[in-house]
Every structure is written in structure tokens, then in C-alpha cells.
Amino acid sequence: MPDLLIELFSEEIPARMQKRAGEDLQKLVTNGLVEAGLTYGSAAVFTTPRRLTLALGDMLAASPRQVEERKGPKADAPEKAIEGFLRGAGLTRDQLEERDTPKGKILFAKIEKPGRPAAEIVAEVLEQTIRNFPWPKSMRWGSGSLKWVRPLHSILCVISDEAGAEVVPLTIDGITAGNTTRGHRFLAPDEIEVSGFEDYQDKLARAFVVLDPAARADTIWHDATNLAFAAGLEVVEDAGLLAEVAGLVEYPVVLMGRIGEDFLGLPPEVLQTSMKEHQKFFSVRNPKSGQIERFITVANRTTADEGATILAGNEKVLGARLSDAKFFWDNDLRSVTTGAGMETWVKALENVTFHNKLGTQAELIDRMATLSRELAPLVGADADEAEKAARVAKADLSSEMVYEFPELQGLMGSYYARRAGMSDAVADAAKDHYAPLGPSDDVPTAPVSIAVALAEKIDKLTGFWAIDEKPTGSKDPFALRRAALGVIRILVENDVSLSLNDVLAQSAEIVGKRDAGRADTADILGFIHDRLKVYLRDQGIRHDVIDACIAMDGSDDLTLLVKRARALSETLKTDDGENLIQGFKRANNILSQAEEADGVEYSFGADPKFAETEAEKDLFAALDKAEAKITPAMAAQDFSTAMAAMAELRGPIDAFFEAVQVNAENPTVRRNRLNLLSRIRTICSAVADLTKLDG
């Protein structure tokens, strides 16, 4: 079976677009071929800055012959109806077949579609793919109408098998498909003729082109870490930068340069951010001091002087960039160590709008400070420290460094707070109060940081709820889902127990003083519970288990709620736990039906002296034993012990239903047994609302 090789060769494709473009090429071509009846055995896609490559293996040499059966009108239908059917089918009257059906004689047509050669199908599909390629941005050049991300130079499209290689006949806007490509722009720019994928890959390798982006990334990382290790240093890991740089070169050559002595005193994060954002350099640090001392750059070619000229140029440009950073750093330090210090920056935020309905950044800081003071005793923080930390946490928004590098906000604040003589707790809170920004980020763990981080997120939720800017559908412009998840993770992962209802009410009152409106705190708590379901579902806890725990009193204490849900989830994974739920539901259903029919509530008076069977007596004893364990366990918030005691009821409840008829003829016995079922419901419901569970 033949193989197919496609290469679209152009000017440099932006690194950020390459991965998606490769996926789109594979999807569009393979879907189009399959729809046309041309199947294949394997597919692989490769990208470099100048080419998108797709290789298909074991493709059919031609699409199979197809026979389509089409139902027509009745045999005695009007002539015009039959003629219309014949035109659509492309047949004559004598080619139709009459069949007897329950509705009479019906005409049927068999339409045969002959197979088509692979080259013909590939040409059609590839032209459609190129003309309709979904680039985020594209351009036209010359006098043609074709759009591509950058000018498209050539199309390589060959079908190869044991007999040789065939060029697919295709011309698009004056570009005719062929069997040639080009190697590295500088090191091997001549045309290369290829006969198939293996030949293509081998010849490109000899022409200084590493086709596989993963192989380029591996080469870069291997060579970079070896260079750093030889100097007693280490490369700062950055997967995103590695992928981007691998998309900037076809033949990676790793070089290590030096950072000027004048700049080594800058914070490591400043050096790393400046080099990454402006130069696409990897940072190289001293593992003993943590200081960034050198950089790694990746050239796209070898040179006679082994990269010395390239390094000299990069070091010169980097020096200019870092001179700016040092200027900002020095200016900021003078601001915080002289005069009013960071208070001047905070005052400047009076002129910076946070939201037109929620006021300025300075007003936000006032709200955060007030709420942080209220939260401090609940999380074990000093109230004065928490308030002070909240007042300076966003001060660095006025700094020159954060103006230049917004991604350093908070982090620079921690440096400036320390230089201003503030405590480590206050400085750490400036750095940590935005966290966590993503699901993999660490949460703040220091008490003052916890208080300020919670205040920042809770104020955001109550503020935007007060002005009716809640998330709708997939739209969440103010990242309120992230804020809710942050509240959940900070509380749960730090084992902080508090009433979220009370905290939300306090925050809503603080926000309401600005006449922004009163937030519906019950709605906010429901929103947080929805985020909690996602958070716990990712940990393998079923949604109905979470609902069963949310239905209980105290569900605004997220830490206890999660402990309850985890304990119930573990209990349900056991046979006793799962079967107990069935017994509970049976008891609850019988009891509910009897209460509805009798118009009374059976909730008191079960007495073992009216028990007629051993199964009844055993259940009375088991319930007494379980209640004696569950009540103190729940009081101590020991959910695991309470759940285990509840699961022990499985056997006695099963035995009771096997041996006892609840609706006995004796009304006293019946009432006693219904009250016994009520004890089952009461004791089990003290642990969780088991009626919410599926099954």
C-alpha cells in the first residue's frame, strides 16, 4: 500500500502557531481523505519554522467502488415524478428495479460510483485544505488570492510505493506541487529531491533540519543543561519557553553567555523575566546562591567562531535591556527607602480605577484591609499585621518595575516591603495574595498571607455580585471562578475551618458602604459550592456524594464539608457502605409512604419491648451501638469514625428486612416498626443527607 508525504514550505511560521497548525493539517487532510473513501494506516505530523509536514502510511491506492441504493417513487407515479428521479440518479427507466412492498410497487435505483485514484483525491483534499486553512492570522502576497500565515513558497506532495514515487498533480495560485524541498536557510539552501518520507527525513537531517519539534526541544535541553553543569550551574526549567524556542529554529545550536557584573544584584525574577520576555533566553543560576549568573541562547546555525559573534551581540543587547531594568529597580528602591515609602505608591492608586462601579484601587485596598483584619483571628494571624499587609500588597502597581513587567506584580512588592523595613509576614503576603492563579499553583500557607489572599478573593466575589457582574456561561471576564476556586483551595489545603456565610456577609457589608449594591451571599455560596464540586470531582468524589454533604447544616465550612465528603466517598467504596445505602433508602421509602398515607410523622417511641423477632431486637441493639459512636464522633468532627459506625448497620438492617414485615396487622407492632425505621433515618441522616445519593 502506498504512502503519502505532504510538505507546505513557507517563510517563518510564528512558534506559537506551529503546534495547532500541524494538528489542523492532519485533521483536515485525513478527514477529507476518509470522507472520499481513502483510508490509511498511520499518520504523523511535524513542524519547523518553515514547514508543515504530514506523512501517511499504508494508504489505499484508490477509493473503493461504491454502490448506492436509492428508493424512488411508486411504479405508477406520474411520469414527471419518475423523470425527476431518473435525472437525480443519472439512470434510464430500464435501469430501475421494481419491488413489491406493503405500499405497492416501488422503483429502486442502484447507482454505482467507480473508485478513484488516490492522487486525484489527494489533490482535491489538499487544495481545499490549503485554501481554507484556519490560521489565526493570514496574509496575501503578490497578485494571488491565496492566504497563508506567511508567503507559501512550495508544495511537496508525493505518493510512493515499491514501484516508485508519483507527484500529485496540483497547482494553487501558480504554485505547482513537486517532489522537492529545501534544507536549512543558511547552511543548505539548495533544492532537495525526495522520494518518500524516510528519504525526506534523512536528507533534511543532512541538510541541517531537525524535523521533529520534540527532538529539537530535547537537543536544546540536553545541551543547555550540560553546558550549565560544566560551569557548576543549573538551567531554570521553563517548559513554555523551551517549546517556543524549539519552534524558532530548525537546527538548534546552544550557547551560554554571561550577564554583566552590574546586573547580578537585580532580583533573580527580574533577570529571568527580562531575558525570557525580550530575548527568549533561558536563565542559568548558581544552585548555592539562587542568583541568576548566566544565560542560554539558541542559535539557528553553526558558525566558524563557534558562536562567539552571536554571543557578543546577544550580550550587548541584553546589557541594554538590563540597564533599563536596573534603572527601574534603583528608582523604585529610592522611592521606598526615602520619604513616605510605599505609602506614596498606595496614595497614587487613588487615581487608578479598579472598576467604575467599585471604585479605585485605593478603595479596593481599604476594603481588603478591613476584611483582612476580620479574617485574621479566624486563620491564626495577627490582626495588625494582616491589615498592614493588605494596605501594601498592591502598592507595587505604582512601581516602575511592575509598569514595565506587569507579571512581576506582588513579587516585586515583597522585595520593596522588605527594603522598606517591613516584616517578613507582610512582605510574603504581598507576594502571595494573588495566589493561587492556577490549579497547579501553591496556595499561601502563612497566616497573614492566608488572611490577605482570602480577603482579596472574597472582596472580588462580593463586589462583582453586588454590581450584578456574575459569570454567565463560558464568559468570566473578571476571573470569578478562579477566585472561588482560590478560596476553596486556601481553606481546604490549609485546614482552615470558618463560617463562609459570616465572612461573605461581612464582605458584602463592606462593599455595600460604597452604594455598589448588596451582594446575595447565599448565591455566592452556591457558586462556591459549584466550584467545589468541580474541585472534588477531579479528586474522584462523585457529585451526588458532594450534594449529600452540602445539604447538611454547616456546609459553609468548606474544610469540614470536604472532610465529610471524603469520608462518605471512602465509605461508599466498601460493600457494607454501598449496601447500607440501599437499606437506608428502602427504610426511608417505606417510612415516607406510611407517613403520607397516615398523615402523621413516625419519629418517636420505638420500644424494644414490642419487638417480636430476633432481627428486630438485633436492629434495636445495633442502632443503640451506632448512635453511641456516631454522636460523639460527629461532635468531634471525626467523620471517618461516624461513617464506619454507620456502615456497621448494613448487616442488621438487611436481616431486619429479610425477616420482618413492617406493615404488620397489629397496629401497635406496625407503629413500633415504623418508628424503628425512623431511627434508621435519623441516625444515618446525622452523617449526611443520604437521600441525595444516586442508586
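One can find the structure itself at the top, above this paragraph.
Residues numbered from 1 in each chain as written. Predicted model: local features only at pLDDT ≥ 70, side-chain atom pairs only at ≥ 80, totals over all residues. Heavy atoms only, no water.

A closer look at the nonpolar core
Piece 1. Of all hydrophobic cores here, the largest spans 143 residues; its most connected members are L461, L500 and L568.
Piece 2. Examining the composition of this core, we find that twelve residues originate from one element, helix 15 (residues 447-466), more than from any other.
Piece 3. Contacts of L568, omitting those with residues within four sequence positions, involve V545, A548, C549, M643, M646, A688, L690 and L693.
Piece 4. In terms of nonpolar packing, the next biggest core, distinct from the first, is built from 36 residues, A21, A118, A119 and I175 among them. (Core = buried A, V, L, I, M, F, W, Y, C linked by side-chain atoms within 4.5 Å. Buried < 20%, exposed > 50% of the residue type's maximum accessible area, 1.4 Å probe, protein only. Helix = DSSP H or I, 4+ residues; strand = E, 2+ residues; numbered from the N terminus. Contact = heavy atoms within 4.5 Å.)

Some thoughts on the packing of helix 5 (residues 213-230) against helix 6 (residues 239-246)
Piece 1. Taken N-terminus to C-terminus, the directions of helix 5 and helix 6 make an angle of 115 degrees; their axes are 9 Å apart at the nearest point. Between helix 5 and helix 6 the crossing geometry is right-handed. On helix 6, the residues that touch P213, R216, A217, I220 and W221 of helix 5 are L242, V245 and A246.
Piece 2. When grouped by side-chain class, the residues that make up the contact of helix 5 with helix 6 number seven nonpolar, no polar and one charged. (Axes fitted to C-alpha atoms, helices over the stretch in contact; angles between N-to-C directions. Left-handed = near helix turned anticlockwise from the far one by under 90°. Nonpolar A, V, L, I, M, F, W, Y, C, P; charged D, E, K, R; others polar.)

Re the packing of helix 19 (residues 543-550) against helix 20 (residues 558-572)
Piece 1. At a closest axis distance of 9 Å, the pairing of helix 19 and helix 20 adopts a crossing angle of 130 degrees. Here helix 19 is positioned oblique relative to helix 20, judged by the angle of their axes. In this structure, helix 19 crosses over helix 20, and the sense of that crossing is right-handed. Contacts between helix 19 and helix 20 pair V545, A548, C549 and I550 from the former with L561, R564, A565, L568, S569 and L572 from the latter. (Parallel < 35°, antiparallel > 145°, perpendicular 65-115°, else oblique.)

Structural notes on the sheet that holds strand 7 (residues 152-161)
Piece 1. With antiparallel pairing, the five strands of this open sheet are ordered in space as 2-3-1-7-8. Taken across any chain shown, the strands that pair with only one partner, and hence form the sheet edges, are strand 2 (42-48) and strand 8 (164-167). Each strand of the sheet is rotated relative to its neighbour by a mean of 15 degrees, with strand direction disregarded.
Piece 2. With six bridges connecting them, strand 1 (residues 3-10) and strand 3 (residues 51-57) associate as antiparallel partners. Counterpart to L5 in the pairing with strand 3 is A55.
Piece 3. With respect to the sheet, helix 1 (residues 15-35) is in contact with strand 1, strand 2 and strand 3, its orientation differing from that of strand 3 by roughly 40 degrees.
Piece 4. Each of strand 1, strand 7 and strand 8 touches helix 3 (residues 118-131); the most contacted strand, strand 7, lies at about 155 degrees to it. (Pairing = 2+ DSSP bridges.)

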